[in-house]
Amino acid sequence: EGRVVAFLISFVAIAAAWNSHHDIFRYVRQVDTRARTLNTAWLLTIILTPFGTRLLTAGVPATVPLRFGFYALVQFFDSALLLALLRHMTARRELAGVPPEALAAWTWREYTPMIAFGLSIPVFFATSYGWALWFAVPMALGRLHRASAHRRKQATVPGPGSERPPGPGRGGWPGR
């Protein structure tokens, strides 16, 4: 049963990583040596994922911080390396035709697991429930992101009576 659970966790983690990688690489115009190096390091995290998930289901309670911490570290580096690759290729203009909203979504999508897994590592040394951050942090950040997007959208949507140009008392001129 533990092997089946480990297999399913590995499959879901690798599928999510591959989807992120595929989304980015469909816009690649060229790749330099640094991008290949970052990509190869990212591939190492994919190879380590099944080993890490197998450790999750190994039943030695005293090793929970090490087992879960290792898995979290692999997932942290998975996101960190993909984000570094994305930033490098963006800075070097190795991507072509990427919509700005896609770039923002990819960045958000990589920061979220970095934060969740990164925060969980030290928590595992205090409690075996550090894994809860793997779910709680993305949910909290997702809500924060949606609320922020909603506020930005509200700020750009004209409200009632906004046909008039800003003036005194309406927030458009300083001093009032």
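Residues numbered from 1 in each chain as written. Predicted model: local features only at pLDDT ≥ 70, side-chain atom pairs only at ≥ 80, totals over all residues. Heavy atoms only, no water.

Structural notes on the overall build of the protein
The number of helices and strands found in the protein is five helices and zero strands. Secondary structure of the protein in N-to-C order comes out as α-α-α-α-α. Taken over 176 residues, the protein has a buried fraction of 32%. Taking the intrachain contacts of the protein between residues at least 6 apart in sequence as the baseline, contacts between residues at least 24 apart amount to 70%. (Helix = DSSP H or I, 4+ residues; strand = E, 2+ residues; numbered from the N terminus. Buried < 20%, exposed > 50% of the residue type's maximum accessible area, 1.4 Å probe, protein only. Contact = heavy atoms within 4.5 Å.)

Overview of the confidence of the model for the protein
Averaged over every residue, the pLDDT of the protein is 87; residues scoring 70 or more account for 89%. Element-level mean pLDDT values for the protein span from 89 in helix α5 (residues 133-156) up to 96 in helix α2 (residues 33-56). (pLDDT = per-residue confidence, 0-100.)

Brief notes about the layout of surface pockets
Roughly 590 Å³ of internal volume is contained in the largest pocket. Lining of the largest pocket is provided by 23 residues; of these, Ala13, Ala16, Tyr71, Gln75 and Phe117 occupy positions nearest its centre. Only α1 (2-25), α3 (64-91), α4 (100-124) and α5 provide two or more residues apiece to the lining of the largest pocket. Of the residues assigned to the lining of the largest pocket, the class counts are 16 nonpolar, four polar and three charged. (1 Å grid on protein atoms, 1.4 Å probe; cavity = no way out; pocket = protein on both sides within 12 Å on 5 of 7 lines; lining within 4 Å. Points joined across faces, edges and corners; volume = space filled by probe spheres on them. Nonpolar A, V, L, I, M, F, W, Y, C, P; charged D, E, K, R; others polar.)

A few points about a nonpolar patch on the surface
Taken together, the side chains of Val4, Phe7, Leu8, Phe11 and Val12 make up a nonpolar region of the molecular surface, amounting to roughly 540 Å² of accessible area. Here Val12 shows up in helix α1. You can call Val12 exposed: its relative accessible area is 55%. (Patch = residues over 30% accessible without salt bridge, like charges linked within 9 Å, V, L, I, M, F, W, Y side chains within 5 Å. Areas by Shrake-Rupley, 256 points an atom, 1.4 Å probe, with all protein chains shown as cover. Salt bridge = Lys/Arg side-chain N within 4 Å of Asp/Glu carboxyl O.)

Examining the nonpolar core
If you look at the biggest cluster of nonpolar residues, it comprises 15 residues, and the most contacted ones within it are Ile24, Trp42, Leu85, Met89, Leu95 and Trp106. Elements with a minimum of two residues in this core: α1, α2, α3 and α4. Aside from chain neighbours lying at most four places away, what touches Trp42 is Ala17, Trp18, His21, Asp78, Leu81 and Leu82. In this structure, Ala13, Phe117, Ile121 and Trp134 belong to the second largest nonpolar core, which totals 10 residues. (Core = buried A, V, L, I, M, F, W, Y, C linked by side-chain atoms within 4.5 Å.)

What about unusual backbone geometry?
Its identity is not glycine, yet Arg93 carries a phi of approximately 55 degrees, on the positive side. Topologically, Arg93 is positioned in the loop between α3 and α4. We classify Arg93 as exposed; its relative accessible area is 60%.

Some points on the packing of α4 against α5
At a minimum axis distance of 9 Å, the contact between α4 and α5 shows a crossing angle of 140 degrees. Accordingly, the angle class assigned to the pair α4 and α5 is oblique. The element α4 and its partner α5 pack so that their crossing is right-handed. Residues Trp108, Thr112, Ile115, Ala116, Phe117, Leu119, Ser120, Val123 and Phe124 of α4 touch α5, and the partners they reach there are Leu133, Trp134, Val137, Pro138, Leu141 and His145. Classifying every residue of the contact of α4 with α5 gives 12 nonpolar, three polar and no charged. (Axes fitted to C-alpha atoms, helices over the stretch in contact; angles between N-to-C directions. Parallel < 35°, antiparallel > 145°, perpendicular 65-115°, else oblique. Left-handed = near helix turned anticlockwise from the far one by under 90°.)

Things to note about α4
Its 25 residues give α4 an end-to-end C-alpha distance of 37 Å, which sits within 8% of 36 Å, the value for a rise of 1.5 Å per residue. Looking only at α4, the buried set comprises Ala102, Trp106, Glu110, Thr112, Pro113, Met114, Ala116, Phe117, Ser120, Ile121 and Phe124. Looking at the buried side of α4, the elements it contacts are α1, α3 and α5. (Expected span 1.5 Å × (residues − 1).)

Thoughts on the side chain of His88
Mapped onto the elements of the fold, His88 is located in helix α3. Residues in contact with His88, not counting those within four places in the same chain, are Asp32, Arg34, Ala35, Leu38 and Glu94.

A word on the pattern of salt bridges
For the structure shown, the criterion picks out two salt bridges. In this structure, Asp23 and Arg109 form a salt bridge, with 3.0 Å as the shortest nitrogen-oxygen distance. Placement of the pair is Asp23 in helix α1 and Arg109 in helix α4, with a sequence separation of 86 residues. Asp23 sits in the partly exposed class, given a relative accessible area of 22%. Measuring nitrogen to oxygen at the nearest pair gives 3.3 Å for the salt bridge that ties Asp32 to Arg92.

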